[in-house]
Amino acid sequence: MSIDDVLAKAFQSRAFSKAFFIVERKAKEWLFDCQSCGNCVLSHTGFICPMRCPKNQRNGPCGGAMDGMCEVDMSKRCVWDEIWESTQQLDRVDLLTNNYEGPPDWRLSGTSAWENMVEGHLESPSIFETLFRKDVPLTREVPRVVGQIIRNWFNLITGPSWRRYEGRPSL
Amino acid sequence: MKLLEIFESGKFAVTSEVGPPKGVDIERMMEEAEIIRGKVDAVNVTDQQSSVMRLGSLAVCHLLKQKGLEPVFQLTCRDRNRIALQSDLLSAHVLGIENVLCLTGDHISLGDHPGGKPVFDLDSVSLLHAASELQQGRDLAGEKLKGSPSFCLGAVVTPGANPLEPQIMKMEKKVKAGAQFFQTQAVYDPQRFEEFMNQVRYLNVPVMVGIVFLKSAGMARFMNKNVAGVHVPESLIDELDEAEDRVKTSIEMSGRLIREMKDMCQGVHLMPLGWEKHVPAVLEAAGL
């Protein structure tokens with residue numbers, strides 16, 4: 001029995017489903033500034049939520065970023081700049097290039113992405129397929145991914161990192 | 001006529017654009033369109049440019065088509081959800097509009113109704129995908145259509161973006177989703193554009209280099225500071241600063257840029273921003 005099957009069975013219980021969602025939502029809000037769209041693609045986008053982008057861009061940057069900052073709010077980094085950086089640090093850029101992300105199903109907004117995934121409501125590849133690379137031992141891959149999530153979280157709460165750019169405008 | 005036919009014939013394609021007015025007085029816009037008649041292969045009609053509420057792109061495309069000009073219908077994801085976007089694509093087809101440029105669109109907060117609800121239900125990639133699906137006779141929900149439309153689908157790319165790799169990644173997704181040609185953000189640095197073209201050669205898709213007429217040194221400095229992915233080199237700014245006849249220098253400059261980049265790409269997209277009357281002179285200076 002795979003994790004999918006176990007979870008699918010557990011989600012049949014209304015109490016479990018509800019409790020799971022409350023924990024999932026709060027955890028993802030804290031870690032990723034999750035918008036609870038229910039169509040989660042975090043495992044493809046280097047654990048940076050693309051729905052944080054003011055234009056909800058799920059397939060790539062819009063072309064409105066100035067020196068890596070968002071044109072809608074110049075005090076924030078372009079979400080796709082963060083995604084690009086994070087996937088590069090994880091060496092998982094292939095997940096961005098190879099996956100066409102279809103438009104989100106808005107009926108799933110405000111529901112558990114895990115439940116939607118195990119019940120087959122999401123079209124994008126399952127998080128179990130994309131979370132860790134198959135050809136790398138888990139003992140190395142798990143700390144890498146966890147480390148990246150912590151690094152992203154630190155970036156999220158400390159605001160834009162200016163170190164990477166040359167000739168950037170002074171704030 | 002589809003723009004694709006021009007690319008396939010091997011001819012260097014030229015497009016320009018007109019901006020619908022804020023209001024219903026279309027006289028001036030139609031005059032501007034008349035000036036470029038016969039000089040360009042098609043005319044882009046912007047869709048609520050800069051998120052400013054205006055006359056619609058679809059209606060203006062229809063007017064141009066009636067006058068015998070070839071429109072390129074710009075369609076953005078900012079104001080319409082997937083139902084409205086697909087419906088407008090069907091409407092465009094029955095009005096005889098064959099070229100569609102699919103864009104994400106500027107954000108609403110940068111326009112004149114900053115408090116409006118941004119839609120962005122689809123993005124430019126999924127909009128291209130939707131248009132391709134319609135051409136296959138089904139919609140995004142997989143429902144069968146009664147008669148399917150046919151378009152030449154275009155998209156945009158910013159060659160001056162930093163970092164450039166995610167732009168190229170998205171460009172590749174757009175090609176896979178059905179984009180048949182690209183128009184670029186304004187380019188003023190032929191050397192950088194050549195590097196960009198070398199990087200996207202593998203996509204094997206026609207690219208039309210974007211040229212915004214530099215009306216003054218002040219405008220160039222403003223664009224450097226405020227327009228994403230656009231870099232005007234200092235040498236061009238100095239040239240405009242020192243010019244005796246600003247208009248003449250500007251026309252000569254745009255012409256020179258086109259001449260320099262002509263062999264790198266398959267067409268040019270002019271964005272005159274009010275200087276429509278100078279389009280013929282620029283094309284002459286470019287030797288087109």
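See the structure above.
Just so we're clear, the structure is a prediction, and the values are computed from it rather than from any experiment. (Residues numbered from 1 in each chain as written. Chains lettered and ligands numbered in written order. Predicted model: local features only at pLDDT ≥ 70, side-chain atom pairs only at ≥ 80, totals over all residues.)

*Asks:* Describe the overall build of chain A, listing the residues and the values that go with them.
*Replies:* Summing up its helical and strand segments, chain A has 7 helices and 0 strands in all. Moving toward the C terminus, one meets the helices and strands of chain A in the order α-α-α-α-α-α-α. Along the longest, intermediate and shortest principal axes, the C-alpha atoms of chain A span 55 × 35 × 30 Å. Split into buried and exposed, the 171 residues of chain A put 33% on the buried side. Once local pairs closer than 6 in sequence are excluded, the contacts in chain A between residues at least 24 apart make up 60%. (Helix = DSSP H or I, 4+ residues; strand = E, 2+ residues; numbered from the N terminus. Buried ≥ 20, exposed ≤ 12 C-beta atoms within 10 Å, placed from the backbone. Contact = placed C-beta atoms within 7 Å.)

*Asks:* I'd like a rundown of helix H3 (residues 57-66) of chain B, residues and numbers included.
*Replies:* Residues and elements named next belong to chain B. Buried within H3 we find Ser57, Leu58, Val60, Cys61 and Leu64. For H3, the buried positions fall inside an angular range of 165° around the axis, keeping them on one side. Of the surrounding secondary structure, the elements contacted by the buried residues of H3 are helix H2 (27-35), strand E2 (42-45), strand E3 (71-76) and helix H4 (82-94). Where H3 ends, the next residue or the one after it, Gly68, has phi of about 85°, a positive value. (Arc of directions from axis to C-beta.)

*Asks:* Summarise the pairing of strand E7 (residues 207-212) of chain B; cite the residues concerned and give the values.
*Replies:* Residue and element names in this part refer to chain B. Most of E7 sits out of view: 6 of its 6 residues are buried. Burial along E7 is two-sided: the face carrying Val207, Val209 and Ile211 and the face carrying Met208, Gly210 and Val212 are both buried. As paired elements, strand E6 (residues 181-186) and E7 share 3 bridges and run parallel to each other. Looking at E7, one finds that Ala186 is bridged to Gly210. A crossover links E6 with its parallel partner E7, the connecting element being helix H7 (residues 190-200), and its sense is right-handed. Pairing of E7 with strand E8 (residues 267-271), which is carried by 5 bridges, proceeds in the parallel orientation. When the bridges of E8 are listed, Val209 appears paired with Val268. (Pairing = 2+ DSSP bridges. Right-handed = clockwise from strand over helix to strand, strands pointing away.)

*Asks:* Any chance you could break down the interface of chain B and chain A for me, citing the residues and the numbers?
*Replies:* Contacts between the two partners involve 27 residues from chain B and, on the opposite side, 23 residues from chain A. Counting residues per element, the ones that place at least two in the side of chain B that touches chain A are helix H5 (124-135) and helix H6 (165-177) of chain B. Here the side of chain B that touches chain A takes 8 residues from H6(B), the largest share from any one element.

*Asks:* How would you explain the nonpolar core if you had to name every residue and give the values?
*Replies:* Generally speaking, a soluble globular protein has its nonpolar side chains buried in company with each other. B:Val43, B:Phe73, B:Val100, B:Cys102, B:Ala131 and B:Phe182 are the most contacted members of the largest nonpolar core, which totals 80 residues. Broken down by element, the residue count for this core peaks at 6 residues, all from H5(B). Beyond its immediate stretch of four places on either side in the chain, B:Val43 contacts B:Thr15, B:Ser16, B:Glu17, B:Val18, B:Ala33, B:Ile36, B:Leu64, B:Leu69, B:Glu70, B:Pro71 and B:Val72. Of all hydrophobic cores here, the second largest spans 23 residues; its members include A:Leu42, A:Met69, A:Cys70 and A:Val79. (Core = buried A, V, L, I, M, F, W, Y, C linked by C-beta atoms within 7 Å.)

*Asks:* Which residues make up the environment of A:Pro137, and what values do they have?
*Replies:* Topologically, A:Pro137 is positioned in the loop between helix H6 (127-130) and helix H7 (138-158). Along the primary structure A:Pro137 and A:Trp80 are separated by 57 residues, whereas in three dimensions their C-alpha atoms are 29 Å apart.

*Asks:* How would you explain the pairing of strand E1 (residues 13-18) of chain B if you had to name every residue and give the values?
*Replies:* Residue and element names in this part refer to chain B. For E1, the tally of buried residues reaches 6 of 6 residues, placing the bulk of the element in the interior. Where burial is concerned, the two faces of E1 agree: the one with Ala13, Thr15 and Glu17 and the one with Val14, Ser16 and Val18 are both buried. Alignment of E1 against E8, held across 3 bridges, turns out to be parallel. The residue of E8 that forms the bridge with Thr15 is His269. Here E1 pairs with E2 via 4 bridges, running parallel. Looking across to E2, one finds that Ser16 is bridged to Val43. Each parallel crossover has a hand, and for E1 linked through H2 to E2 it is right-handed.

*Asks:* Quick rundown of the sheet that holds strand E5 (residues 152-157) of chain B? Include the residues and the values.
*Replies:* Reading around the barrel, the 8 strands line up as E1-E2-E3-E4-E5-E6-E7-E8 (chain B) and close back on themselves, with parallel pairing between neighbours. Shown here is a sheet whose adjacent strand axes are inclined to one another by a mean of 25°, direction ignored. (Axes fitted to C-alpha atoms, helices over the stretch in contact; angles between N-to-C directions.)

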